[in-house]
Amino acid sequence: MIDQFELILPSFPSGCHLITHHIQAAVKDWPQQGLVNIFIRHTSAGLAITENADPTVREDLADALSWLAPQDPRRYRHHDEGPDDMPAHIKSALVGYSLTIPIRQGKMDLGTWQGICLCEFRNAGGRRKLTITVYS
């Protein structure tokens, strides 16, 4: 069986933000076993699984990605939506747009210290839309 849900996240500032609880709440009835795919429908944000306890891990991840693709208009040809646009596209391509996680005993089978992060790469990205597909 396949179930699909749309989740519209609140607006987040630039950075990496834990959204595990938003995804858990969006799916009302988790199957005992299966898979969940989470897909972000944007090209300037991404999804990652990372440390869920120490927020400095997420801060360091955001800093590292900004080092790889800094907001420097002299580096890029694409400037249509401002100086944070092209670096955001690069970062989202590096981080990725989807995650697939096993479902075990009626919940996502994440490790003790793992959490799902929205990686917001725009200074003001707005509300982000996710498609959550549950396979049981």
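By convention here, each chain's residues receive numbers from 1 onward along its written sequence. The predicted nature of this model means local features are confined to residues of pLDDT at least 70 and side-chain atom pairs, given and counted, to a pLDDT of 80 or more, with totals for whole chains, interfaces and linings taken over all residues. Note: side-chain values were computed over all heavy atoms of the structure, leaving out hydrogens and water.

1. Regarding the sheet that holds strand β6 (residues 107-108)
DSSP bridges decide pairing: two strands pair if at least two such bridges lie between them. Helix numbers and strand numbers start at the N terminus; a helix is a DSSP run of H or I with at least 4 residues, a strand a run of E with at least 2. Spatial ordering of the open sheet is given by β1-β8-β3-β5-β6, a layout of five strands whose pairing is antiparallel. At either end of the open sheet lies a strand with only one pairing partner, and these are β1 (2-8) and β6. Examined bridge by bridge, strand β3 (residues 33-40) and strand β5 (residues 98-104) share seven bridges and lie antiparallel to one another. Of the residues in β5, the one forming a bridge with glutamine 33 is arginine 104.

2. Topic: helix α3 (residues 85-95)
Within α3 the residues assigned to the buried category are Asp85, Pro87, Ala88, Lys91 and Ser92. Here the buried residues of α3 occupy an arc of 155° about the axis, which is enough to place them on one side. Among the exposed residues of α3, those pointing more than 90 degrees away from its buried face are Ala93 and Leu94. Whether two residues are in contact is decided by their heavy atoms: any pair within 4.5 Å suffices. Against the buried residues of α3 lie β4 (45-51), α2 (55-68) and β7 (114-124). Three exposure classes are used, based on accessible area relative to the maximum for each residue type with a 1.4 Å probe and protein chains only: buried under 20%, partly exposed in between, and exposed over 50%. What the arc covers is the set of directions going from the helix axis to the C-beta atoms.

3. Considering the sheet that holds β4
Spatially, three strands are ordered β2-β7-β4 in an open sheet, and the strand pairing comes out antiparallel. The sheet is open, and its two edges are formed by β2 (13-18) and β4, each paired on a single side. Going from strand to strand, the sheet's axes swing by 25° on average, the running direction of each strand aside. As paired elements, β2 and β7 share five bridges and run antiparallel to each other. Comment: axis = line fitted to C-alpha atoms, over the contacting stretch for helices; angle = value between 0 and 180 degrees taken between N-to-C directions.

4. Quick word on a nonpolar patch on the surface
Taken together, the side chains of Ile2, Leu35 and Tyr135 define a hydrophobic patch exposed on the protein surface, amounting to about 290 Å² of accessible area. One can find isoleucine 2 in strand β1. Exposure above 30% relative accessible area and the absence of a salt bridge qualify a residue for a patch, where like charges join within 9 Å and nonpolar side chains (Val, Leu, Ile, Met, Phe, Trp, Tyr) within 5 Å. Using the Shrake-Rupley algorithm and a 1.4 Å probe, accessible areas are obtained, with residue cover drawn only from the displayed protein chains. Salt bridges are identified by distance alone: a Lys or Arg side-chain nitrogen within 4 Å of an Asp or Glu carboxyl oxygen.

5. A look at the environment of glycine 125
Tracing the chain through its elements places glycine 125 in the loop between β7 and β8 (129-135). As for glycine 125 and phenylalanine 12, which are separated by 113 residues in sequence, their C-alpha atoms are 7.2 Å apart.

6. Observations regarding the pattern of salt bridges
Under the defined criterion, the tally for this structure stands at seven salt bridges. Measuring nitrogen to oxygen at the nearest pair gives 2.8 Å for the salt bridge that ties glutamate 6 to arginine 41. Of the two residues, glutamate 6 is situated in strand β1 and arginine 41 in the loop between β3 and β4; the sequence distance between them amounts to 35 residues. By relative accessible area, which is 48% here, glutamate 6 ends up partly exposed. Of the residues examined, arginine 41 reaches a relative accessible area of 36% and is grouped as partly exposed. Linking arginine 128 and glutamate 120 is a salt bridge whose minimum nitrogen-to-oxygen distance equals 2.8 Å. For the pair shown, arginine 128 and glutamate 120 are each scored as buried.

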